[in-house]
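# Analysis of the macromolecular model
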Amino acid sequence: MTRSTASTMSLAASELDAAWWPLFERLQARGVMGEAGQRSASLSLRLPGEKAMWWNSAGACMPRCFSWQGVNAPAAWPDDADTHAALYQLRPDVGAIAIGGGPFGLCLSEFGGAMPTAFDEQARHLGRMGPPADDVSELGRAVAGGGNALLLQGRVVCLGSTATRLALNAELFEKCAKAFVLAAATGGKVRPLPWWVRRIANGRLMKDEQKAIARFAQGLLPEEAKGY
């Protein structure tokens, strides 16, 4: 590792440290980090250029650094840290993960565990929602399509390339879930967007994800997506 690379990685880690609490407080304030009585919610940020992450459960004092370099998550890892590590290994474009969910997102398990892509922003930033997963071993098929939201054991898992994108995705997911759940609960039909709209939006999302992969590989944080 060169001195300049080490300096860049150190800068990125410093940015993540500064982003941690504002992200946690934003997600909590918007009600998308779980409900009372639910299993502990959690949040993590990937360290660029490393096989490691800042992780902690909601309400904990400070995030802790965990590495999955060359090994599977050890049994001593707390709560669902192994789930976060597994997702980062499956999706090298992802830089931030929140597990918890808002009240409407958590209701999706009663309506099949997934919802159709019915809104423009949903298609552009969340992509196609994969099937619900009952175990960490099923995460691969749930995120294979590049989507940024899924249900794992009834909890909402939201993904983003950056801390800001994660916050926006989590808020967007809850809004879409609210519209879907209310419509489905009253017997209404929720029709997906036309296939060509979904294809164009998904293509733009895939381009963003490829750019994020390249940035992380260079030890850099991804640039924020601009416009539609």
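Note: the structure precedes this text.
Below: a short report on this structure.

Cut-offs applied
- Along each chain, the written sequence defines residue order, and numbers are assigned to residues from 1.
- With pLDDT at 70 or above as the cut-off, local features in this predicted model cover only qualifying residues; side-chain atom pairs require 80 or more to be listed or tallied, and sums for whole chains, interfaces and linings still use all residues.
- Excluded from the side-chain calculation are hydrogens and water; included are all heavy atoms of the structure.
- Counting from the N terminus, the helices are the DSSP runs of H or I reaching at least four residues and the strands are the DSSP runs of E reaching at least two.
- Residue exposure (1.4 Å probe, protein chains only): buried if accessible area is under 20% of the type maximum, exposed if over 50%, otherwise partly exposed.
- Here, residues are in contact when the closest pair of their heavy atoms is within 4.5 Å.
- Strands are treated as partners if at least two bridges between them are detected by DSSP.
- Think of a salt bridge as a Lys or Arg side-chain nitrogen and an Asp or Glu carboxyl oxygen that are within 4 Å of each other.
- Grid points spaced at 1 Å over the protein atoms alone were grouped into cavities, where a 1.4 Å probe fits but cannot get out, and pockets, open sets with protein on both sides within 12 Å along at least five of seven lines, with lining residues defined by an atom within 4 Å of a point.
- Grid points are joined across faces, edges and corners, and a volume is the space filled by probe spheres set on the points.
- Gly falls in the polar group here, along with every residue not listed as nonpolar (Ala, Val, Leu, Ile, Met, Phe, Trp, Tyr, Cys, Pro) or charged (Asp, Glu, Lys, Arg).
- What a helix should span is 1.5 Å times the count of its residues minus one.
- Patch membership requires more than 30% relative accessible area and the absence of a salt bridge. Residues of like charge join within 9 Å; the nonpolar side chains Val, Leu, Ile, Met, Phe, Trp and Tyr join within 5 Å.
- Working definition of accessibility: Shrake-Rupley area with a 1.4 Å probe, residue cover restricted to the visible protein chains.

### As for the overall build of the chain
- Across its full length, the chain carries six helices and six strands.
- Burial analysis of the chain (228 residues in total) assigns 44% to the buried set.
- Here the analysis covers contacts within the chain between residues at least 6 apart in sequence; of these, 63% occur between residues at least 24 apart.

### Focus on the pairing of strand β6 (residues 155-160)
- Within β6, six of the six residues are buried, which leaves it mostly tucked inside the rest of the structure.
- A two-sided burial pattern is seen for β6, the buried positions comprising Arg155, Val157 and Leu159 on one face and Val156, Cys158 and Gly160 on the other.
- Inspection of the sheet shows strand β4 (residues 96-100) paired to β6 by five bridges, in the antiparallel sense. By the bridge assignment for β6, Ile99 is matched with Val157.

### Section: the pattern of salt bridges
- This structure, assessed with the given rule, holds seven salt bridges.
- When the shortest N-O distance is used, the salt bridge between Arg26 and Glu171 registers 2.7 Å. Of this pair, Arg26 sits in helix α1 (residues 3-29) while Glu171 sits in helix α5 (residues 163-185), placing them 145 residues apart in sequence.
- Residue classification places Glu171 among the buried residues on the basis of a relative accessible area of 10%.
- A salt bridge links Arg91 to Glu209; the nearest nitrogen and oxygen atoms lie 3.1 Å apart. Of this pair, Arg91 sits in the loop between α2 (81-90) and β4 while Glu209 sits in helix α6 (residues 195-217), and the two are 118 residues apart along the sequence.
- On the basis of relative accessibility, which here comes to 8%, the residue Glu209 falls in the buried class.

### Some thoughts on the layout of surface pockets
- The volume enclosed by the largest pocket comes to roughly 360 Å³.
- Forming the boundary of the largest pocket are 22 residues, of which Ser161, Asp208, Glu223, Glu224 and Ala225 lie nearest the centre.
- Those elements giving two or more residues to the lining of the largest pocket turn out to be α3 (120-126), α5 and α6.
- Sorting elements by how many residues they give to the lining of the largest pocket places α6 first, with six residues.
- The residue makeup of the lining of the largest pocket, split by class, is five nonpolar, six polar and 11 charged.
- A volume near 190 Å³ is recorded for the second largest pocket.

### What to know about the side chain of Gln122
- Mapping Gln122 onto the fold places it in helix α3.
- With a relative accessible area of 3%, Gln122 lands in the buried category.
- Beyond its immediate stretch of four places on either side in the chain, Gln122 contacts Met115, Pro116, Thr117, Gly127, Leu172 and Cys176.

### Re α6
- For α6, which comprises 23 residues, the first-to-last C-alpha distance of 33 Å matches the rise-based estimate of 33 Å (1.5 Å per residue) to within 8%.
- Of the surrounding secondary structure, the elements contacted by the buried residues of α6 are β1 (42-46) and α3.
- Positive phi shows up at Gly219, right after α6, with a value of about 80 degrees.

### Considerations on a nonpolar patch on the surface
- Taken together, the side chains of Trp195, Trp196 and Ile200 define a hydrophobic patch exposed on the protein surface, amounting to about 390 Å² of accessible area.
- Relative to the assigned elements, Trp195 resides in helix α6.
- According to the relative accessible area criterion, Trp195 is exposed, its value standing at 57%.

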